[in-house]
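# Descriptive structure summary
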Amino acid sequence: MVISSADRERPGGERQPAEAAQPVTPAVFHILLALAAGESHGYGIMRDVERITQGTTRLGPGTLYRSIQRMLIDGLIEELGIALDDESDDDRRRYYRLTAKGAAVARAEGQRLADLVEVARRRKLIGPGPRPGKGGRR
Amino acid sequence: MTSRVPESFHTITPHLVVNGVADAIAWYTKALGAHELLRNTGPDGTSIMHSELLLGDSRFFVVDEFPGATVSPTSLGGSPITLHLYVEDVDGLFQRAVDAGAQVLMPVADQFWGDRYGILTDPFGHRWSTASRIEDLSPKALQARAAAWVKERGPG
């Protein structure tokens, strides 16, 4: 069963005390990166994540569903509400885009990782550039 | 390749048995700020074989009591388990739960171990302790505080 965005609204927009500061899981960051290139549906996100990681990361439908639910709840993405066909229950056919908050979280996480990579370079753990034969894509 | 440990889950996932899952989901949503992620209805069309909720960054399952298979705290007369929640605003969450009908087992107060902490029982018989950390103590300081607390409290 799939919950619509409307069911997910917080009553009266009140604060959620049980909500901790958000760690960005690898799947969430991959989805943020995929949607940074523009709006997409679940299946498009799965394919893009596979492409940008050169096939090393494949999000299964369960992980995709759970990550997307969490990101909707946390306000990182929003659903565009376009059902392409009768299978609107299929998460892979729902369209999503980044919210301003999602873009900010993606930037912050990207910068945090870039800073750590810089430390790894300075400490000679990795070489100065991208891995040869990999990461040719932006 | 399916990952053997789905990254959306922490290692431990509580699985709560209740008498009336639909009401419980509504209560956990209202009182604790949980979000329902999915539910599977049983063969009778009303009982819920499985449901998954997100609370903060953790997930938990809530299922109905099924005779011979699962038993809820209300049938057992209590629960030996306490689920612990660390939150930003323990007073806010506690009040919200009490307003929604939770029973206070221990009111929120500053505790010697560095938490502001309280315990309640939800309407389905499950116990929740909730806290916000207020002091980050070393194990040594913690032991000293515990010893002082025992001494002050006296034997028994």
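This text gives an overview of the structure that appears in the document. (Residues numbered from 1 in each chain as written. Chains lettered and ligands numbered in written order. Predicted model: local features only at pLDDT ≥ 70, side-chain atom pairs only at ≥ 80, totals over all residues. Heavy atoms only, no water.)

### Observations concerning the overall build of chain B
Counting its regular elements, chain B contains four helices and eight strands. Beginning at the N terminus, the succession of helices and strands in chain B can be written as β-α-β-β-β-α-β-α-β-β-β-α. With the principal axes as the frame, chain B shows a C-alpha extent of 55 × 40 × 30 Å. Going through the 156 residues of chain B one by one, you find that 40% of them count as buried. Nonlocal contacts in chain B, meaning residues at least 24 apart in sequence, comprise 51% of its contacts between residues at least 6 apart. For chain B, the exposed area adds up to about 8600 Å²; of that, 57% sits on carbon and sulfur atoms. A distance of 8 Å separates the average location of the 12 positive side-chain charges in chain B from that of its 18 negative side-chain charges. (Helix = DSSP H or I, 4+ residues; strand = E, 2+ residues; numbered from the N terminus. Buried < 20%, exposed > 50% of the residue type's maximum accessible area, 1.4 Å probe, protein only. Contact = heavy atoms within 4.5 Å. Areas by Shrake-Rupley, 256 points an atom, 1.4 Å probe, with all protein chains shown as cover. Lys, Arg positive; Asp, Glu negative; His and termini not counted. Charge placed at Lys NZ, Arg CZ, Asp CG, Glu CD.)

### Concerning helix α4 (residues 100–122) of chain A
What sets the pattern is the α-helix's 3.6 residues per turn: residues three or four places apart point alike. Residue and element names in this part refer to chain A. In this model α4 runs 33 Å from its N-terminal to its C-terminal C-alpha over 23 residues, within 8% of the 33 Å that 1.5 Å per residue would give. Looking only at α4, the buried set comprises Gly 102, Val 105, Ala 106, Glu 109 and Ala 120. Elements that come into contact with the buried residues of α4 comprise α1 (26–36) and β3 (95–98). Immediately downstream of α4, the backbone of Lys 124 shows phi near 60°, a positive value. (Expected span 1.5 Å × (residues − 1).)

### Side note on the layout of surface pockets
Residue and element names in this part refer to chain B. Of the pockets and cavities examined, the second largest pocket occupies roughly 390 Å³. Lining the second largest pocket are 20 residues, and of these Leu 55, Asp 57, Ser 58, His 84 and Leu 85 lie nearest its centre. At the level of secondary structure, the elements contributing two or more residues to the lining of the second largest pocket comprise β4 (58–64) and β5 (82–86). In terms of residue count, the dominant contributor to the lining of the second largest pocket is β5 (four residues). Of the residues belonging to the lining of the second largest pocket, the class tally is 13 nonpolar, five polar and two charged. (1 Å grid on protein atoms, 1.4 Å probe; cavity = no way out; pocket = protein on both sides within 12 Å on 5 of 7 lines; lining within 4 Å. Points joined across faces, edges and corners; volume = space filled by probe spheres on them. Nonpolar A, V, L, I, M, F, W, Y, C, P; charged D, E, K, R; others polar.)

### Description of the sheet that holds strand β1 (residues 15–18) of chain B
Ordered in space as β1-β4-β3-β2 (chain B), the four strands form an open sheet in which the pairing is mixed. The outermost strands of the open sheet, each flanked by one partner alone, are β1 and β2 (35–41) of chain B. When the angles between neighbouring strand axes are averaged without regard to direction, this sheet yields 20°. The pairing of β2 of chain B with strand β3 (residues 48–55) of chain B spans six bridges and is antiparallel. Looking at the pairing, Asn 40 of chain B lines up with His 50 of chain B of β3 of chain B. Where helix α3 (residues 61–73) of chain A meets the sheet, it contacts β2, β3 and β4 of chain B, and its direction lies at approximately 140° from that of β2 of chain B. Of the strands in this sheet, β1, β2, β3 and β4 of chain B are in contact with helix α1 (residues 21–32) of chain B, which crosses β3 of chain B at around 5°. (Pairing = 2+ DSSP bridges. Axes fitted to C-alpha atoms, helices over the stretch in contact; angles between N-to-C directions.)

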